[in-house]
Amino acid sequence: MKFLNVLILALSITLFSTDISTVRKAYKEAAQDDTKIEAFNKLLSDVTKNDDMTLVAYKGAAITMLAKNESKIKDKKARVVEGVSYVEYAIEKAPNNIEIRFIRLGIQENTPKILKYKEHIEEDKQFILKQFKNIKSSNLRHHIKDYILQSKAFSDEEKSVFSGQ
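Everything quoted here is computed from the prediction, not taken from an experiment. (Residues numbered from 1 in each chain as written. Predicted model: local features only at pLDDT ≥ 70, side-chain atom pairs only at ≥ 80, totals over all residues. Heavy atoms only, no water.)

Asks: What is the right way to read the overall build of the chain from this model?
Replies: What the chain contains, in helices and strands, is 8 helices and 0 strands. Reading the secondary structure of the chain in the N-to-C direction produces α-α-α-α-α-α-α-α. A burial count over the chain gives 41% of its 165 residues as buried. In the chain, 54% of the contacts between residues at least 6 apart in sequence involve partners at least 24 apart. Total accessible area on the chain is roughly 10000 Å²; 56% of this is exposed by carbon and sulfur atoms. (Helix = DSSP H or I, 4+ residues; strand = E, 2+ residues; numbered from the N terminus. Buried < 20%, exposed > 50% of the residue type's maximum accessible area, 1.4 Å probe, protein only. Contact = heavy atoms within 4.5 Å. Areas by Shrake-Rupley, 256 points an atom, 1.4 Å probe, with all protein chains shown as cover.)

Asks: So what exactly am I meant to see when it comes to the pattern of salt bridges here?
Replies: Per the stated rule, a full pass over the model turns up 12 salt bridges. We note a salt bridge from glutamate 70 to arginine 79, for which the minimum N-O separation is 2.9 Å. A residue is classified by how much of its surface remains accessible, and arginine 79, at 27% relative accessible area, is partly exposed. Ionic contacts of the salt-bridge type, sharing partners, join the residues Glu88, Arg101, Arg104, Glu123 and Asp124 into one network. (Salt bridge = Lys/Arg side-chain N within 4 Å of Asp/Glu carboxyl O.)

Asks: How should I be thinking about helix α6 (residues 121–131) in this particular structure?
Replies: One full turn of an α-helix is made of 3.6 residues, so residues set three or four places apart face in the same direction. When α6 is considered as a whole, its buried residues turn out to be Ile121, Asp124, Lys125, Phe127 and Ile128. Seen from one end, α6 has its buried residues packed into an arc of 160 degrees, which puts them on one side. Where α6 is buried, its residues contact α5 (98–110), α7 (138–150) and α8 (156–163). (Arc of directions from axis to C-beta.)

The values are spatial; any link to function lies outside them.
See below:
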């Protein structure tokens, strides 16, 4: 019985790491190509607030991206508010998770000023700058580094630190 428990645990860890890599790739693709937003959202459709907080944050990002496809301003705002609620919930539950902070930074940097969701940009940026060196996953390091190098939130001096890594 113990062997079975260990096997199930190992499989679930393997599945999660595969899933998170797939989710990261889908996030990046959806951010660069509006035609991939729906697929990204579908990938996370079964995620609830009871799941891993990183996945909860990505679900929030997917929902906010769906706002681009809404025709009415009221509907766009509703999507963003819904998506942000997932991200803020994830940060509340896991405030030291660099990937969740990275997701929130990306959303804040890309939402219109009229939505007034920009108050944590500097906080998240500083958190990422301080914690980046502690990231153990090379996939996550590469994912965040790629974002930093194209982000307007980071100065050229800050970017130069990452260009060689």
